[in-house]
Amino acid sequence: MRLVVVSAGLSVPSSTRLLADRLAAATAGGTAARVEVVELRDLAVEIAHNLTNGFPGRALGSALDAVTAADGLIVVTPVFSASYSGLFKSFFDVLDKDALAGKPVLIAATGGSSRHSLVLEHALRPLFAHLRAVVVPTAVYAASEDWGAEGLAERIDRAAGELAALMTGLAAAAGAATGAVGAGTATTGTVPAPAGTVPVQGGTTPVHGVPARVASGGGFEVVPFEQQLAALRP
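Residues numbered from 1 in each chain as written. Predicted model: local features only at pLDDT ≥ 70, side-chain atom pairs only at ≥ 80, totals over all residues. Heavy atoms only, no water.

(A) Fine view of the environment of Asp98. One can find Asp98 in the loop between helix 4 (86-94) and strand 5 (104-111). Side chain to side chain, Asp98 and Lys97 meet in a polar contact 3.2 Å long. (Helix = DSSP H or I, 4+ residues; strand = E, 2+ residues; numbered from the N terminus. Polar contact = N/O pair within 3.5 Å; in protein donor to acceptor, adjacent residues only side chain to side chain.)

The following block contains the structure:
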């Protein structure tokens, strides 16, 4: 599996990158995923050019491809003006609108004060819900006073565990689906029958009360709902 971390920290060293690394280590420990880090600081110029001309540079293109292909995503931003940073938002503005659909995402942020912790709920979570990502329940905020204090390590472990569970669950489901399709095509050489039907050469064979029509060539046809209702009438 592939875990991609997007860090929008600007300084070196960066508390945003530190939080991103700790979240990545905790998640990878539960999934054995390969971790790749995208530092938005290094892509700022290419992101600005992409916003104005519509074409990503080579480094930005590689970062966008990595995020799109990831099995799971960790995103961490510093808090600027009570919200995510402009650089953070700009990166997801140039990402394809369907790239995160159904993808597990862990959201996190850093700031100088705990008063900004709700940025996770009023800014980041709505953004990734709009992008149709699957955002884990636990979000992690680290204020300056949280480093070395009780509670941060537990929040990191809980959020990482939720992301790891989503990633492994989706990977297992995808593997099972692939195996089922492969077994069906290897046995019959055709697309497996829809649920609730049995293959019969020609005619209509209802199973569990669901009518399904099999074409004379052996393929299945979609039976309109009106025809299904008509078949059920005495």
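(B) Expanded view of the packing of helix 4 against helix 5 (residues 119-130). Here helix 4 crosses helix 5 at 5°, and the two axes come no closer than 12 Å. Looking at the two axes, helix 4 sits roughly parallel to helix 5. Between helix 4 and helix 5, the contacting residues are Phe88, Lys89 and Phe92 on the first element and Leu124, Leu127 and Phe128 on the second. Among the residues making up the contact of helix 4 with helix 5, the classes are represented as five nonpolar, no polar and one charged. (Axes fitted to C-alpha atoms, helices over the stretch in contact; angles between N-to-C directions. Parallel < 35°, antiparallel > 145°, perpendicular 65-115°, else oblique. Contact = heavy atoms within 4.5 Å. Nonpolar A, V, L, I, M, F, W, Y, C, P; charged D, E, K, R; others polar.)

(C) A look at the environment of Asp65. Within the fold, Asp65 resides in helix 3 (residues 58-69). We classify Asp65 as exposed; its relative accessible area is 53%. Through-space distance from the C-alpha of Asp65 to that of Leu95 is 9.0 Å; in sequence the pair is 30 residues apart. (Buried < 20%, exposed > 50% of the residue type's maximum accessible area, 1.4 Å probe, protein only.)

(D) Spotlight on the pairing of strand 3 (residues 72-80). Counted residue by residue, strand 3 has eight buried out of nine residues, so it is predominantly covered. As paired elements, strand 1 (residues 2-7) and strand 3 share five bridges and run parallel to each other. For Val6, the partnering residue across the bridge sits in strand 3 and is Val75. As judged from the six bridges shared by strand 3 and strand 5, these two strands associate in the parallel manner. Its bridge partner being in strand 5, Leu73 is matched across the sheet by Val105. Linking strand 3 back to strand 4 (residues 83-84) in an antiparallel pair, the connection comprises two residues, with Ser81 at a positive phi of about 50°. (Pairing = 2+ DSSP bridges.)

(E) Expanded view of helix 4. For helix 4, the complete set of buried residues consists of Leu87, Phe88, Ser90, Phe91, Phe92 and Val94. The elements touched by buried residues of helix 4 are strand 1, helix 2 (44-53), helix 3, strand 3, strand 4 and helix 5.

(F) The arrangement of the packing of aromatic side chains in detail. Counting across every chain of the model gives five aromatic pairs. Relative to Phe128, the ring of Phe88 lies with its centre 6.2 Å away and its plane at 70°, an arrangement referred to as edge-to-face. Here the residue Phe88 occupies a position in helix 4, and Phe128 occupies one in helix 5, the gap between them amounting to 40 residues. Taken as a pair, Phe88 and Phe128 share a single burial class, namely buried. Summarising the aromatic geometry, the rings of Phe92 and Phe128 are spaced 5.0 Å apart at their centres and angled 80° between planes, so their arrangement reads as edge-to-face. Of this pair, Phe92 sits in helix 4 while Phe128 sits in helix 5, placing them 36 residues apart in sequence. One aromatic cluster in this structure is built from Tyr84, Phe88, Phe91, Phe92 and Phe128. (Phe/Tyr/Trp six-rings, centres within 6.5 Å; stacked < 30°, edge-to-face > 60°.)

(G) View of the pattern of salt bridges. Applying the stated criterion to the full structure yields ten salt bridges. When the shortest N-O distance is used, the salt bridge between Asp42 and Arg41 registers 3.9 Å. The class for Asp42 is exposed, based on a relative accessible area of 58%. We note a salt bridge from Arg125 to Glu121, for which the minimum N-O separation is 2.7 Å. Here Arg125 pairs with Glu121, and both are found in helix 5, just four residues apart, close to one helical turn. Residues joined by salt bridges that share partners form a network here, namely Arg17, Asp21, Glu39, Arg41 and Asp42. (Salt bridge = Lys/Arg side-chain N within 4 Å of Asp/Glu carboxyl O.)

(H) Expanded view of the nonpolar core. Counting 40 residues, the largest nonpolar core has Phe88, Phe91, Phe92 and Phe128 as the members making the most contacts within it. When residues of this core are traced back to their parent elements, those giving at least two are strand 1, helix 3, strand 3, helix 4, strand 5, helix 5 and strand 7 (140-143). The greatest single-element share of this core, amounting to six residues, is contributed by helix 5. Excluding anything up to four places from it in sequence, Phe91 contacts Val6, Leu40, Ile47, Leu60, Ala63, Leu64 and Val67. Judged by nonpolar contacts, the second largest core, of 19 residues, contains Ala20, Ala33, Ile156 and Ala159. (Core = buried A, V, L, I, M, F, W, Y, C linked by side-chain atoms within 4.5 Å.)

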